Amino acid sequence: MACCILFLSVFLGILAPISSAARAFFVFGDSLVDSGNNNYLATTARADAPPYGLDSAEHRASGRFSNGKNTPDILSEQLGAAEPPLPYLSPHLDGQKLLIGANFASAGIGILNDTGIQFANIIRIEKQLYYFEQYQQRLSKLIGAQEAKRLVNNGIVLITLGGNDFVNNYYLIPYSARSREFSLPDYIPFVISEYKKVLSKLYGLGARRVLVTGVGPLGCVPAELALRSRTGACDPELMRVPDLWNPQLTKMLGDLNRQFGSDVFIAVNADRMHMDIVMNPGSYGFVTSKIACCGQGPYNGIGLCTIFSNVCSNRDAYVFWDAYHPTERANRIIFSQFMTGSSEYMYPMNLSTILKLDAQNQY
């Protein structure tokens, strides 16, 4: 009974937006936050066909790697927005829609330019930042340069990168080019240093409140269990990644904040958020955290989620929707820590605190 009460309190606590004053929202990153940009690209990294979107309001695939809503959708609700920002490549992102913000994310990308090369035509992070500049030019024409600058400075930014630099680069094949070049303890500082350049440029483009998600438990996702685990235990080699990555990411963000003299960058401990559920799925009302709802092969972790895949009948009972991505229900529970999590989850402050501080300071 206690676990049910815990789940209800966590779930109900994130239903009502904390603020009715919506702020612009900008999204950068990979498939965890892509809301459909890859629909407009000639790439295999896309989610624009059933059964993706099975539980969305429209019951159709929109390009989100989910059965329903993803993290940007849920964060938009908390910002009080009537709708989430549109993908930047959407032909509908124009006029008043620009005031909501934009989603620049593209499935398959990483921090490094050689990450995701197997997906060919994807929007690498440098191109996402270029599109952000282009967006601001379009916005300036609509509301003027000064108001455009204010809207961007006051916006909330979410950036989710890093995981693909391991699963779709360093560990993609045995003895990959990067794994021959670097040991893992040397590779991580190298990628962190490249990420610092990206985030510094993002600051230069006007971002002043940036949620930076760390790398999650890569060794526990169904795709890696299918490839690496005979018992269902998380792969210890891949679990070295978040253990090494996340502390170094947090330190780097702290260095940037000191450099800029403000708490611009917020470290989101995605590994801790996911592991709470992965290790204790029953406590949150899930049946399994090992088997994907949609897929095939061991743990439904082989290949893509397609109309030919096995699809579970009750998506709310599964932590993972496909081989890599959480279900909407898992996303909502994870996101509750964005809002109210302690410094172990959100450092130096959670999103609720950010919104309250900014409201007081008329950010």
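Residues numbered from 1 in each chain as written. Predicted model: local features only at pLDDT ≥ 70, side-chain atom pairs only at ≥ 80, totals over all residues. Heavy atoms only, no water.

Convention followed: UniProt positions are given in the numbering used here, feature names are shortened, and annotations may be inferred rather than shown by experiment.
As recorded in an unreviewed UniProt entry, the chain goes by GDSL esterase/lipase and comes from Rhynchospora pubera. Of the chain, the UniProt comment under Sequence similarities (unreviewed entry) reads exactly: "Belongs to the 'GDSL' lipolytic enzyme family."

1. Things to note about the state of the cysteines
Note the threshold: The criterion for a disulfide is a pair of cysteine sulfur atoms lying within 2.5 Å. Per the convention used, a helix needs a DSSP run of H or I reaching at least four residues, while a strand needs a run of E reaching at least two, with both numbered from the N terminus. Relative accessibility under 20% of the residue-type maximum defines a buried residue, over 50% an exposed one, and the middle range a partly exposed one, all with a 1.4 Å probe and only protein chains included.
Tallied over the entire structure, the rule returns three disulfides. Paired through a disulfide, cysteine 294 and cysteine 305 show a sulfur-sulfur distance of 2.0 Å. Residues cysteine 294 and cysteine 305 are joined through a disulfide that is right-handed, its torsion about the S-S bond being 95 degrees. With cysteine 294 in strand β6 (residues 294–295) and cysteine 305 in the loop between β6 and β7 (310–311), this pair connects stretches of sequence that are eleven residues apart. The class of cysteine 294 is buried, set by a relative accessible area of 1%. The class for cysteine 305 is buried, based on a relative accessible area of 7%. Look at the chain and number its bonded cysteines as they come in the sequence; the links are 1-2, 3-6, 4-5.

2. A look at the environment of tyrosine 88
Short version of the rule: Contact criterion: two residues are considered in contact whenever any of their non-hydrogen atoms come within 4.5 Å of each other. Pairing of N or O atoms within 3.5 Å defines a polar contact, subject to two protein rules: one partner must be a possible hydrogen donor and the other a possible acceptor, and residues neighboring in sequence count only if both atoms are side-chain atoms.
Following the sequence through the fold, tyrosine 88 ends up in the loop between α2 (71–78) and β2 (101–103). When the C-alpha atoms of tyrosine 88 and serine 193 are compared, they prove to be 27 Å apart, with 105 residues separating the residues in sequence. Other than its neighbours up to four places away in sequence, tyrosine 88 contacts Asn37, Leu93, Ala102, Asn103, Phe104, Tyr131, Gln134, Tyr135 and Arg138. A distance of 3.4 Å separates a polar atom in the side chain of tyrosine 88 from a polar atom in the side chain of arginine 138.

3. Some remarks on the pairing of strand β3 (residues 156–160)
Short version of the rule: Note: two strands are recorded as paired if DSSP finds a minimum of 2 bridges between them.
Taking burial as the measure, the five residues of β3 include five buried ones, the bulk of the element. Burial of the side chains of β3 extends over both faces: Ile156, Leu158 and Thr160 are buried on one face and Val157 and Ile159 on the other. Bridging between strand β1 (residues 25–29) and β3 involves five bridges; their strand directions are parallel. Directly across from phenylalanine 28, in β3, lies its bridge partner isoleucine 159.

4. Points about the pattern of salt bridges
As a reminder, the rule being used: A pair is scored as a salt bridge if a Lys or Arg side-chain nitrogen falls within 4 Å of a carboxyl oxygen belonging to Asp or Glu.
Counted by the stated rule, this structure contains 21 salt bridges. Arginine 332 is the partner of glutamate 77 in a salt bridge, and the nearest nitrogen-oxygen pair spans 3.1 Å. Linking glutamate 77 in helix α2 with arginine 332 in helix α11 (residues 328–340), this pair joins segments that are 255 residues apart in sequence. Arginine 332 matches glutamate 77 in its accessibility class, with the two residues each being buried. In this structure, the salt-bridge partner of arginine 228 is aspartate 235, at a minimum N-O distance of 3.7 Å.

5. Regarding the sheet that holds β2
Working definition: the strands of a sheet are paired by backbone hydrogen bonds and lie parallel or antiparallel to each other. The following threshold applies: The convention used is that axes are lines fitted to C-alpha atoms, helices contributing only their stretch in contact, and that angles between N-to-C directions extend from 0 to 180 degrees.
Spatial strand order, β2-β1-β3-β4-β5-β8: six strands in an open sheet with mixed pairing. Each end of this open sheet is capped by a strand with a single partner; those strands are β2 and β8 (346–347). With three bridges joining them, β1 and β2 adopt parallel strand pairing. By the bridge assignment for β2, valine 27 is matched with asparagine 103. Strands β1, β2 and β3 of the sheet are contacted by helix α3 (residues 125–143), whose axis makes an angle of about 160 degrees with β1.

6. Regarding α3
For the record, the criterion: Multiplying 1.5 Å by the residue count of a helix minus one yields the expected span of that helix. Throughout, the arc means that of the directions going from the helix axis to the C-beta atoms.
Relative to the 27 Å expected for 19 residues at 1.5 Å per residue, α3 spans 27 Å between its end C-alpha atoms, a close match to the ideal helical length. For α3, the set of buried residues is Ile125, Gln128, Leu129, Tyr131, Phe132, Tyr135, Gln136 and Leu139. Projected onto a plane normal to the axis of α3, the buried residues spread over an arc of 155 degrees and lie on a single side. Along α3, the residues that are exposed and aim more than 90 degrees away from the buried face are Gln137 and Lys141. The inward-facing, buried residues of α3 abut β1, β2, α4 (145–153), β3 and α7 (184–204).

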